[in-house]
Amino acid sequence: MSQTTPPLTPMSLGRLLGRIEHEWSTRHKVFDLPNARIWQPDPDIDLSFEFLGRRCATPVGPAAGPHSQMAQNIVLAWLGGARLFELKTVQVLDDLEIGRPCIDMETIGFNIEWSQELEVAASLEEYVKAWMLIELLRHWDPLTEHLGPDPGPHVFDMSVGYDLAGIRDPKVAGFIDGMRDATDEIERLRPEIGGGFAPLRDLEFPSRVADTITLSTFHGCPPDEIEAITKHLIDEHDIDVIVKLNPTLLGYERVDEIVHGWLGYDDVRLVPTAFEEDLQFDRGIELIEELNQYAEERGHRFGIKLTNTLVVENHKHWMPDDTMYLSGPPLHVLATALLDTLADALPGRLMLPGHDGPVQVSFAAGVTKENLADTLAMGVRPATICSDLLKPGGYGRLAPMLK
């Protein structure tokens, strides 16, 4: 990240509240989201689910990505109906130089960015600001007509990476602790609540912003490292953990068959070494069983997420790196195929219909309005979204999905 031209410039809590008040009074919008795209739940339809034992009013939300790292973006997702927020992955290296452009959503999704674009302390502040903004908007009279009498509960889910050394570093460890108890950060920000929101300045904000983590590891991370990180998070931070898995678990031949044979994406070029270096299927099955048992024995919950992006060659040469990460429609099919394969290999172990096991399965791979209902019908919870929200309409695409 360049120090002279930072790609992201956070706004203060006071300025964000001022913008909300001005936009609503002049245009009936919040951060340019029309009031017609604000999700209002139907009191006769229960869309809620439990995320690692925590209640969420809807089963959708943003996956960890470029659109879930700024306070205003998280608020927009909440207004659109998201209730599970997988926050952007935080890691110890927080002064990155990310090539630009770094995202291509022309048809398939491709990207070369992979970590937060803010310093760790700034990420903590953004997430706490978002937490406070949502709580303020829940109690703000002008929005009551559009949000309904009860917007329902929501959950912030941390994402951290990418290796044990980085997660043990005081910078990342402090971030996790700060999310588990944000009292100091909340009180530091509270004086900025002014204008039309001044009557809510003394509002009681829950101090626990997040106490779950979706673990993101490098492509090629050794299984012993994944195991060690998960156990460290459970033991040292008293936290429930979901481990994000890679589509490479299917093996090169199966992925090649799906991407090229079934789907006809002939221009997508797979990287054989990515399959050789990644977690292998048999070891992955062992790891799921071992980590679930480890969590249960310590009074915690464990889950898996399908899936991370797929490493491919940069055949388009629009972005500057040699490799890029594939998401969107083909990843949806790969993740669904992997879910089917894992369910066969782990009978009665996954939290799916007909299995009723203890291992939560969250899903993020090419979720759209057209496939959301079928995706949820597989039993995965939640279905988080990245590529589709980066297309025209942005967070305004969420409410039509839920409807």
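Scroll up for the structure.
The following paragraphs examine the structure supplied in this document. (Residues numbered from 1 in each chain as written. Predicted model: local features only at pLDDT ≥ 70, side-chain atom pairs only at ≥ 80, totals over all residues. Heavy atoms only, no water.)

## What to know about the overall build of the protein
Item 1. Helix and strand counts for the protein come out as 14 helices and 16 strands.
Item 2. For the protein, the spread of C-alpha atoms along the three principal axes comes to 60 × 50 × 45 Å.
Item 3. Sorting the 403 residues of the protein into buried and exposed places 58% on the buried side.
Item 4. Considering only contacts within the protein whose residues lie at least 6 apart along the sequence, 73% involve residues at least 24 apart. (Helix = DSSP H or I, 4+ residues; strand = E, 2+ residues; numbered from the N terminus. Buried < 20%, exposed > 50% of the residue type's maximum accessible area, 1.4 Å probe, protein only. Contact = heavy atoms within 4.5 Å.)

## Regarding the pattern of salt bridges
Item 1. For the coordinates displayed, the defined rule picks out 28 salt bridges.
Item 2. One salt bridge in this structure joins Arg298 and Asp235, with 3.6 Å as the shortest N-O distance. Of this pair, Arg298 sits in the loop between α11 (281-297) and β12 (302-306) while Asp235 sits in helix α8 (residues 223-237); the two residues are 63 residues apart in sequence, bridging distant segments of the chain.
Item 3. We classify Arg298 as partly exposed; its relative accessible area is 37%.
Item 4. Across the salt bridge formed by Arg349 and Glu289, the nearest N and O atoms sit 3.0 Å from each other. (Salt bridge = Lys/Arg side-chain N within 4 Å of Asp/Glu carboxyl O.)

## Regarding the sheet that holds strand β8 (residues 109-111)
Item 1. Strand order across the open sheet formed by four strands is β7-β8-β14-β13, with antiparallel pairing between neighbours. If you trace the sheet from one side to the other, it starts and ends with β7 (103-104) and β13 (310-313), each paired once.
Item 2. As defined by bridge partners, β13 adjoins strand β14 (residues 323-327) across four bridges and the pair is classed as antiparallel. Note on β14: the bridge partner recorded for Val311 is Tyr325.
Item 3. Its contacts with the sheet put helix α12 (residues 329-345) on β13 and β14, and the angle it makes with β14 is roughly 70 degrees. (Pairing = 2+ DSSP bridges. Axes fitted to C-alpha atoms, helices over the stretch in contact; angles between N-to-C directions.)

## Topic: helix α1 (residues 13-27)
Item 1. Over its 15 residues, α1 runs 21 Å from end to end, which matches the ideal 21 Å to within 8%, given 1.5 Å per residue.
Item 2. Regarding α1, the residues found buried are Leu13, Leu16, Leu17, Ile20, Glu23 and Trp24. What you see down the axis of α1 is that its buried residues fit within an arc of 135 degrees, all on one side. Exposed side chains of α1 directed beyond 90 degrees from the buried face belong to Arg15, His22 and Ser25.
Item 3. Among the structural elements, β1 (29-30), α2 (71-80), α3 (120-138), α4 (144-147) and α7 (183-189) are those in contact with the buried residues of α1.
Item 4. Following α1 by one or two positions, His28 adopts a phi angle in the positive range, close to 55 degrees. (Expected span 1.5 Å × (residues − 1). Arc of directions from axis to C-beta.)

## Quick look at the packing of α3 against helix α6 (residues 170-180)
Item 1. Contact geometry for α3 and α6: axes closest at 10 Å, N-to-C directions at 10 degrees. Here α6 runs roughly parallel to α3, going by the angle between their axes. Within the contact between the two elements, α3 uses Val120, Ser123, Leu124 and Tyr127 and α6 uses Lys171, Phe175, Gly178 and Met179.
Item 2. In terms of residue class, the contact of α3 with α6 is made up of five nonpolar, two polar and one charged. (Parallel < 35°, antiparallel > 145°, perpendicular 65-115°, else oblique. Nonpolar A, V, L, I, M, F, W, Y, C, P; charged D, E, K, R; others polar.)

## A look at the state of the cysteines
The term disulfide refers to a covalent linkage connecting the sulfur atoms of a pair of cysteines.
Item 1. Throughout the structure, instances matching the rule amount to zero disulfides.
Item 2. Unpaired in terms of disulfides, Cys56 finds its nearest cysteine sulfur in Cys386, a separation of 19 Å.
Item 3. Unpaired in this structure, Cys386 has its nearest cysteine sulfur neighbour in Cys102, at a distance of 11 Å. (Disulfide = S-S within 2.5 Å.)

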